Each structure stands twice: as structure tokens, then as C-alpha cells.
Amino acid sequence: MRIGLLTESGYPYASGESHVWCDRLVRGLTGHDFEVYALSAEPRRDAPSRPELPRHVRLVRSATLGDGFPAGRRRAGEPRRGRTPGRRERRRFAECFGDLVAAFATAPPGGEPATPVVHARAAAHGGAPAGYPPAVPGGTPDDVVTSKADRFASGLYGLAELAREHRGLPALLHSEDAVRLLEAACHGPRALPAAPGAQVNDLLAVTAGLALALRPLSLDWYGDRHTSGLGGVDLCHATSGGAAALPGLLAKHFFATPLLVTEYGVRLREHYLARAAAPLSAPVRALLAAFQGALAAETYAQAALITPGNTHARRWQERCGADRSRLRTVYPGMDATPFAAVADAAADDSKTLVWVGTIEPDKDLIGLLHAFAEIRKAEPEATLRIVGGAGRDPQAPGYLVQCRALAAQLFPDEAADTRSVGENPVSFEEIGSPEVPDLAGAYASGAVVVLSSVIEGFPRSLVEAMFCGRATVSTDAGAVCEVIGGTGLVVPPRNPRALAEACTALLGDPDRRARLGAAARARALELFTVEQNVAAFRGIYLELISHAPARPAACRARDAQGVPQPFARPAESHVPGRWAATGAATRAAVPAARDAVSAAPAAVPAGRTPSWAVPAQERTAALPVPAGSGAEGGGVAEGRGAAEGGGATGVRGVGRPVRWGAAGDQTGVTGAKERAKERGQW
């Protein structure tokens, strides 16, 4: 099948964990063709460069969400520069954009904002929260939530259709009309609590943010007369929520293409954290967060399946309105090959603690150093190796300097005697140095691996330690407990005393360390390898496409390059007869069958539809009456042959000609029997 892989700020151009996972997925599923549609936050100033891709990656399309939106990525036929949208376009834009803004910028009656979290809580408890009245007289409280979601979807897809037909959406999103519509919603009777305080600068900032977020609506990814685009794929796989999933929503709306959403880090959570640290006013932060929440809720509602990477992400998705029946946890696959040569931990007297990761404030190395001071009191020979460099956080370099200063203060250089050189029991090292040539060597040097984070998503360093067969002591953050699963010790975050006690217990019990390390390696090899991840998505792809095998009639069986599209027609369409045709499809086939009977009855295919498969109300309409046949009917074969051969040539496909009866006769054996009785031949 053909998979449309939707990415944002990752594969195939940018490096990082998302790029590694997508590359392994694509290279592992060689039986499918991939089309990559990549969004990037900032425009690339130089020529795009990407690594060598597999041969079954048929197409790579890229676009930017930054200020440099190239005209070549817009739809063909977009209005020339200087041409303004017409009156009809502006009126239609006002209607759709007004619905979109009113859906996320206003709260239901009762005062509490209708956030996706409130929606999920309402669904979980069988109703809306206190203060939510029915949307319509006699309705239920859930009607409020449903009406807001429907209004957001109506506005979003209305803007998408406007962009598809008139190609003037980017100019309209930056127009004064958009600012006035947003201002009206912010000063309306049911606006969000922070919205009425929005000034002109705040409204301009929000409309600019919405224009960036809605740029995928104006891309040329949805097919035209030259290329099929996302209309030619069998399945859309969004590697994250937010902007990456928006093209998949449009493909679902325009072409009924199934949408699969994978989130190893919840995009909405990342947006909340980023906006909290950004220098934005309260109205801007509230309105943009409300829009992202509504977009996440719509994405979860339209996705055929959602695959979170862990239970922590799954809880976020459930609170944002995702249906539990369409959630399936698929752990991210990691390559265990580099760690296969590391032997299991020996039951010896080693006293080395190892911490591996990027040094940032969220990792709480300050707390780890204070915990190590307590460990040294019980184990004077213990050492701590901190392996890693400064992270991407702007505060990371300063935090690293602070950690080094604290280590020098807590643990001054110590010497065994007056002749030897003093050494600090805490060392700061980086991968690639002579002491730590690779990650496997870093984990192999430790008796216990420590994780001290206060904020964590999926703990990749913890899984790597498990691949090496090392016992671990971790703080309860993110998906740590789910990953460990009883093969290590877990303590509360920001608790140096509890961390010190757990490390001291393992350092003093070599046999326990060895047992926990062996169990950790077995668990990691079972759950967190690349092979299990690829196998899981191989089954998911086939499962989703089996529920929607037929492509829309507008999609061609071959793309613009002449490559056949698998599953362009369902398998049952190749079976002769009307086995799969019911309802409207059956009635549409009747005129063709009538013409075939009257014109050339001998050329009709030999298929047979059993009488029980034809609805009773359609049996009369399904019987054509050829010209020249009387109302009484006649010429039906006698005896048993008549009973077996009753029916319409061309519909039932009997090998010998049979005359049609009256318009009110029934079909099949019963009809032939009744007609024979009327003529006294039975």
C-alpha cells in the first residue's frame, strides 16, 4: 500500500529522535511505498540536503511554517500579487473563520472554559461539568461540548475548502477582517476569562499565530490535475499531533483517507510548556492554547487509531478527549545492537554510580550531588560518573557550571596519603573522550545507573541501561515506572535522601544488583526493540486498510507517474455478479441489466445472486420487463427445470433463456411456482 508519512521538524531533513524513529520505520517496512510530507518550523536558507533514502520512498515534499513561505509551495493558480479576494470570498471567509474563532475563544454558559480537558472529564463522568446547561431545549449537557466541537470542525474544513477553491486564504488570514472577527469573539458575552483584556497588539499576535498554524490548509499537497498528492495515498500516518496531523485531517475530509496518529511526546503538552516560557501576554497565551487544544481534540476525534508511546502520553490524550477504544500503546523502538556485547553485571564489590544524559535543569543534577554526599557517608569508596554535555535549554550551560562548582564544594580533592594526588569522586565526562569512547562503555563501567529527572518523557537512557543489564535507581517521572516494570528501584523526585537510600541498598547487595540487571535486560529486549516497533506498525497498517479498502471514485488507479495504487479497488469488486452491491448500488445497476437483457441477452456474464440476498422491497423494481412481453407473462419452462431456472437472464445468469413475468411477480423458485400454478401447469 502507499503510506503518506506526515512529519514536522524532523524526518527526512532534521536530526534527532524523531528522525531516527521515522528512518527505522521506513526502512523496516519495505513492503509499502512511502510518500513523505515534511513541515519545518523555520525556512532553510541553503539548498535542502537529506540522507540517502530507501528506494520505496517514492516522493518527498517539504514546506515551512515560518515567515518564509515560498510561493512555489502554495496551490497552483493562487491569486497573483496585488489581487485582493473578492466579496464572495470575504463573506465566506468571515463565516468560516467566525465559527472557528467562536469555537475556541468562547466558553459555554456557566463560566468554565470548554477546554479539551473539561471535555474529557465530562465524557468520563457521563455528562458535562457543573454549570454547563443543555445546548438546546430538552438536550443533554453533552450537547454543549458537541456543538463547540462541531463548530470548530465546520470552520476548519470550511477554510480548507475555501483555500482549495479560491487560493486566497493566506491573505485573508492576515486581513483586517480576521482581526475584527477575533476581537468580536474576545469581547463577546461568553469569552474566555483572559480574552477581554486583549489589546490590539495581542489580537495581531494571535491572528499571526493562527495564520502560521493554518498554513497547511494552503499547501499544494492535496492533489490537482497533475499530481494526486495525499488523495492518492491509502493511509496517512502523522508522526505527531498539531501541524503535522492537519494535512491528514484534510485528507480524511476530502478523500476519506484513514488517519493514524503517533505521539511519543504529546504535542499539546509541548505547546503548553513552550508558551509558558515565551514572553507572551496572558490573552495571547490563553487564546493560542485554546486553539491548539481544540485542534488536538479534532485530531483525536477523526483519527482511525492513535498510538501513544507510553501510558503517560496516553493519559494526556484521554484527558484531551481521545476515545479509549482507539488508543493503542506502541513503545518506541530502540536499537539494542550496540549494547549486545556488554556482559551482565557481575556480583562484585564495584561502587560506581553512572548518570547518562543531557545536562539541563530538569535533570536535577543538584539533587543527585546532594544524594551522593549521603551515599559517601555509608560507602566511602563510591564514585559518581556524570556522562553527557549541555542540552538545548538556554539555561543548560550555566547549569553545568553550577553543577561543577557544587561538586568541587561538596567533594574536595581527596588523597589516600601525603604522597598521592588527590582526586574528586565526581567526574564530568562526555561521549567520545578517551575515558568514555561510546555509550556502551559508559553503562558497562557502572554498578548502578541513576536517573534523577523531575520532568521526563520516555526515558531512553534508562532503556539503554536495561539493554546493558544494569540495575537502575530512578525518580518517578514520566514513563519511568512503566519502563522499569519492577526491574529497578523507583523513588519520588526531588528527594535526595530517598535517592541516596536506594543507591546505598543496591551498592551493598551485589547479588540483588545482578538479578535486577538480568531481569531488566530481558524486559527491554522484549518490549523496546526496533523489531517489535516495526512489527506493531506493520500489523496496524494492514488492520486500518482492511477496514477501508476502497478508494473514492475520484481517485485514479494509477498516479501521475503511472505507478499502480494498491487497494484502489476492493477485492470483492472483481467477483462477477452483484454480490457486494446493495441498496443504491443495486438500483443503479438495474438499468444497465435491463439494457443488457433487451439488447444482447447471450452476452450477459454468468453470475448469480441468490434470492435471499435481494431485499423484498427491491425484488419488484429489480425485474426489468422487455419490450413485447405481455402483462400476463408466459413461456416459463415447465416442471422442475422452471423452478430451478426462474429468474432474470443477466441478473441470475442462467444458461438458457427465460421470459420475464409480470411486473408484480416475485423472483426465484417461489415466483416460478406461483406463475405455473396460475396457468394450471403445477
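The structure under discussion appears in the preceding block.
Undergrad: Can you help me understand the nonpolar core in this one?
TA: Most often, soluble globular proteins have nonpolar side chains that are buried together. Counting residues in each nonpolar core, the largest one holds 75 residues, and the members touching the most others are Phe 104 and Leu 156. Sorting elements by how many residues they give to this core places helix H10 (residues 282–302) first, with nine residues. Those residues in contact with Phe 104, other than ones at most four positions away along the chain, are Phe 152, Leu 192, Leu 210, Leu 287, Ala 290, Phe 291 and Ala 294. Formed by 36 residues, the second largest nonpolar core is a distinct cluster that contains Phe 372, Cys 403, Val 426 and Leu 507.

Undergrad: How do you make sense of helix H19 (residues 530–547) when you look at a structure like this?
TA: For an α-helix, 3.6 residues make a turn, and residues three or four places apart therefore share a direction. Taking 1.5 Å per residue, 18 residues should reach 26 Å; H19 reaches 26 Å between its end C-alpha atoms and fits that length. Residues of H19 that are buried include every one of Val 530, Asn 533, Val 534, Phe 537, Ile 540, Tyr 541, Leu 544 and Ile 545, and no others. What you see down the axis of H19 is that its buried residues fit within an arc of 125°, all on one side. Seen from the open side of H19, the exposed residues pointing more than 90 degrees away from its buried face are Glu 531 and His 547. On its buried face, H19 is in contact with strand E1 (2–8), helix H1 (17–28), strand E2 (33–40), strand E4 (235–238), strand E5 (259–263) and strand E6 (305–308).

Undergrad: Sorry if this is basic, but what is going on with unusual backbone geometry here?
TA: Generally, phi is negative for residues other than glycine and the peptide bonds are trans, each holding for most cases. Within the chain, Ala 256 stands out as a residue other than glycine whose phi angle is a positive 60°. For Ala 256, the position within the fold is in the loop between helix H8 (246–255) and E5. Although it is not a glycine, Arg 494 sits at a positive phi angle of roughly 55°. Tracing the backbone through its elements, the reader meets Arg 494 in the loop between strand E12 (489–491) and helix H17 (496–507).

Undergrad: For this particular structure, what's the right way to read the packing of H1 against H19?
TA: For any two helices packed against each other, one specifies the crossing angle of their axes together with the interaxial distance. Contact geometry of H1 with H19 gives a least axis separation of 10 Å together with a crossing angle of 65°. Crossing of H1 over H19 shows right-handed handedness. Along its contact with H1, which presents Trp 21, Arg 24, Leu 25 and Gly 28, the element H19 presents Val 530, Asn 533, Val 534, Phe 537, Arg 538 and Tyr 541. Taken together, the residues that form the contact of H1 with H19 break down as six nonpolar, two polar and two charged.

Undergrad: Help me understand H17 in this model?
TA: The end-to-end C-alpha distance of H17, which contains twelve residues, comes to 16 Å, matching closely the 16 Å that a straight helix rising 1.5 Å per residue would cover. Ala 498, Leu 499, Ala 500, Ala 502, Cys 503, Leu 506 and Leu 507 are the residues of H17 that are buried. Against strand E7 (352–356), helix H12 (365–378), strand E10 (448–451), strand E11 (471–475), E12 and helix H18 (510–527) lie the buried residues of H17.

Calculation criteria
Residues numbered from 1 in each chain as written. Predicted model: local features only at pLDDT ≥ 70, side-chain atom pairs only at ≥ 80, totals over all residues. Heavy atoms only, no water. Core = buried A, V, L, I, M, F, W, Y, C linked by side-chain atoms within 4.5 Å. Buried < 20%, exposed > 50% of the residue type's maximum accessible area, 1.4 Å probe, protein only. Helix = DSSP H or I, 4+ residues; strand = E, 2+ residues; numbered from the N terminus. Contact = heavy atoms within 4.5 Å. Expected span 1.5 Å × (residues − 1). Arc of directions from axis to C-beta. Axes fitted to C-alpha atoms, helices over the stretch in contact; angles between N-to-C directions. Left-handed = near helix turned anticlockwise from the far one by under 90°. Nonpolar A, V, L, I, M, F, W, Y, C, P; charged D, E, K, R; others polar.

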